[in-house]
Amino acid sequence: MDNVTPPTERPGLPWENRQQLGLVAATIATVRVVLLDATAGFQVMRRQGGLGDPLLFALILGTLGGLAGILWQALMSLVTPVLTGAASEMFETMAGLGIFAVLMPAVVIVSLFVTAGVVHLLLLMVGAARFGFETTFRVIAYSYGSTAVLQVVPIFGGFAAAIWVLVASIFGLMAAQETTGAKASFAVLLPLTLCCLCVCAGVAAAVALGVHSGLK
Amino acid sequence: MRLCARQLEPRELDHEKLWAGVSLLAAGLALAIPEGWRLGLGCPFKAVTGLPCLSCGSGRALQALLHFDPKTALGCNPLFVAALTLWGAFALYAGVVVVLRAPRLRFVGDWQPLRARVLAGVLLAAAANWVYLLARGI
């Protein structure tokens, strides 16, 4: 990782400066810049500085968004009983919702790391990983956290979040890994194609390998 | 490109510690999730086209693995089981080196000549897996 830009060269996303800006203001500003101007946002994002900051951001917003999404689905399943079997069992009981709420943070963490791991492996394979895994993880985490808030919008929020996270991730990788749109799109969209939007209970994302290493 | 064992450099990301932790959490989740949920909510691709997607059968494979039935798991989705096995092997290695504070294995050298072949291998494996799922009517 000899070509990594020192962290001080980039001012960082508002979330990375939340001590100065305040927690709420920094959160709102980060969500706004990632949703509305991802390229500008990820051009200032630090490429290093630890996994804790982006993980915390994604964990808070991802858990809240995920719970909101599941709540809307539960309400919808009551109104329109289109779900059957495991799905209805999952959503139609308070116990099911309770279990999901407890597991949600762990699902968010595992999903984030597995997604970032797969995307980074694919970037390595197409020669687009100019910077290390941490950079890819930061892009995925900030994209995921920022777009997760859209799930509070009923019915269309989940769809919007699913599409927007892809767009933000692609623009984010282009800016942070300094790669082309084609290569960033390949890395982000191929896992989606492989899984084709299957919502397999969290751990099914284990399609990914844990193999990573310091390949450059 | 070759594999070598070396100590972590200052401020270098400890991948082994990270992935050992993530693997433990994922394993805990797999066990904690109620049995019926592991099968997921159904595949939208299959619902629309009638054809399996590349990850169809993964939920059933996971379910079978958790019941110590690798043969059934392999039959459901071989690529998923292979990926999970690789992940498991890496997690085991990561756990051991973290506990023993042993040197870490890293690839060194130029991997560019291998890159295209690895990518082709991954795509070929995915395609072969899909053909298998189609043939088996998973």
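Residues numbered from 1 in each chain as written. Chains lettered and ligands numbered in written order. Predicted model: local features only at pLDDT ≥ 70, side-chain atom pairs only at ≥ 80, totals over all residues. Heavy atoms only, no water.

Draft legend 1. Region of interest: the overall build of chain A. Helix and strand counts for chain A come out as nine helices and zero strands. Starting at the N terminus and ending at the C terminus, chain A contains elements arranged as α-α-α-α-α-α-α-α-α. Put simply, chain A has 216 residues, and 54% of those count as buried. A sequence separation of at least 24 residues applies to 75% of the contacts in chain A between residues at least 6 apart. If you sum the accessible surface of chain A, you get close to 9,000 Å²; carbon and sulfur atoms cover 73% of it. (Helix = DSSP H or I, 4+ residues; strand = E, 2+ residues; numbered from the N terminus. Buried < 20%, exposed > 50% of the residue type's maximum accessible area, 1.4 Å probe, protein only. Contact = heavy atoms within 4.5 Å. Areas by Shrake-Rupley, 256 points an atom, 1.4 Å probe, with all protein chains shown as cover.)

Draft legend 2. Region of interest: the pattern of salt bridges. Enumeration over the complete set of coordinates arrives at ten salt bridges over all chains. With its nearest N and O atoms 3.0 Å apart, the salt bridge here joins R18(A) to D53(A). Of the two residues, R18(A) sits in helix α1 (residues 18-21) while D53(A) sits in helix α4 (residues 52-79), which places them 35 residues apart along the sequence. For E16(B), the salt bridge is made with R104(B), and the minimal N-O distance between the two is 3.6 Å. With a gap of 88 residues between them, E16(B) in helix α1 (residues 15-32) and R104(B) in strand β2 (residues 104-108) connect regions that are remote in the sequence. Several salt bridges converge on common partners, so that one network encompasses R6(B), E12(B), D14(B), E16(B), R104(B) and R106(B). (Salt bridge = Lys/Arg side-chain N within 4 Å of Asp/Glu carboxyl O.)

Draft legend 3. Expanded view of unusual backbone geometry. Residue and element names in this part refer to chain B. In this structure, R11 is a non-glycine residue whose phi angle is positive, near 70 degrees. In this model, F68 sits at a positive phi of 55 degrees, which is unusual for a non-glycine residue. Relative to the assigned elements, F68 resides in the loop between α3 (58-66) and α4 (70-76). Taking relative accessible area as the criterion, F68 reaches 76% and is therefore assigned exposed.

Draft legend 4. Fine view of the packing of aromatic side chains. Taken as a whole and judged by the stated rule, the model has seven aromatic pairs over all chains. For the pair F113(A) and F137(A), a centre-to-centre distance of 4.5 Å together with 15 degrees between the ring planes defines the contact as stacked. Taken together, the residues F113(A) in helix α6 (residues 94-125) and F137(A) in helix α7 (residues 133-148) connect sequence positions 24 residues apart. With a relative accessible area of 4%, F113(A) lands in the buried category. These aromatic residues form a ring-pair network of at least three members: F113(A), F133(A), F137(A) and W19(B). Directly above the aromatic system of W15(A) lies the positively charged group of R18(A), at a separation of 4.4 Å from the ring centroid. Between the NZ or CZ atom of R47(A) and the centre of the ring of F131(A), over which it lies, the distance is 3.8 Å. (Phe/Tyr/Trp six-rings, centres within 6.5 Å; stacked < 30°, edge-to-face > 60°. Lys NZ or Arg CZ within 6 Å of the ring centre and 35° of its normal.)

Draft legend 5. Representation of helix α6 (residues 112-136) of chain B in the model. Residue and element names in this part refer to chain B. Taking 1.5 Å as the rise per residue, α6 with 25 residues should run 36 Å; its terminal C-alpha atoms sit 37 Å apart, in good agreement. Every buried residue of α6 is accounted for by L119, A126, N129 and L133. Immediately beyond the C-terminal end of α6, within one or two residues, lies G137, with a positive phi of roughly 65 degrees. (Expected span 1.5 Å × (residues − 1).)

Draft legend 6. Here's a closer look at the environment of W87(B). Residues and elements named next belong to chain B. Secondary-structure assignment places W87 in helix α5 (residues 78-100). Relative accessible area serves as the criterion here: at 6%, W87 is assigned to the buried category. Separated by 64 residues in the primary sequence, W87 and S23 have C-alpha atoms spaced 8.1 Å apart. For W87, the side chain forms a polar contact with the side chain of S23, separated by 2.8 Å. (Polar contact = N/O pair within 3.5 Å; in protein donor to acceptor, adjacent residues only side chain to side chain.)

Draft legend 7. Inspection of the nonpolar core at higher detail. Counting residues in each nonpolar core, the largest one holds 72 residues, and the members touching the most others are F42(A), L112(A), F113(A) and F137(A). Among the elements that line this core, the one with the most residues is α6(A), at 20 residues. Contact partners of F137(A), with chain neighbours within four places excluded, come to L51(A), P54(A), L55(A), L112(A), F113(A) and A116(A). Within the second largest apolar cluster, seven residues are counted, among which are L62(B), A73(B), F80(B) and V81(B). (Core = buried A, V, L, I, M, F, W, Y, C linked by side-chain atoms within 4.5 Å.)

Draft legend 8. Representation of the confidence of the model for chain A. Averaged over every residue, the pLDDT of chain A is 81; the share at 70 or more is 76%. Here residues 197-216 of chain A is modelled with pLDDT under 50, and outside its nearest four sequence neighbours on either side it reaches 61 contacts, counting other chains as well. (pLDDT = per-residue confidence, 0-100.)

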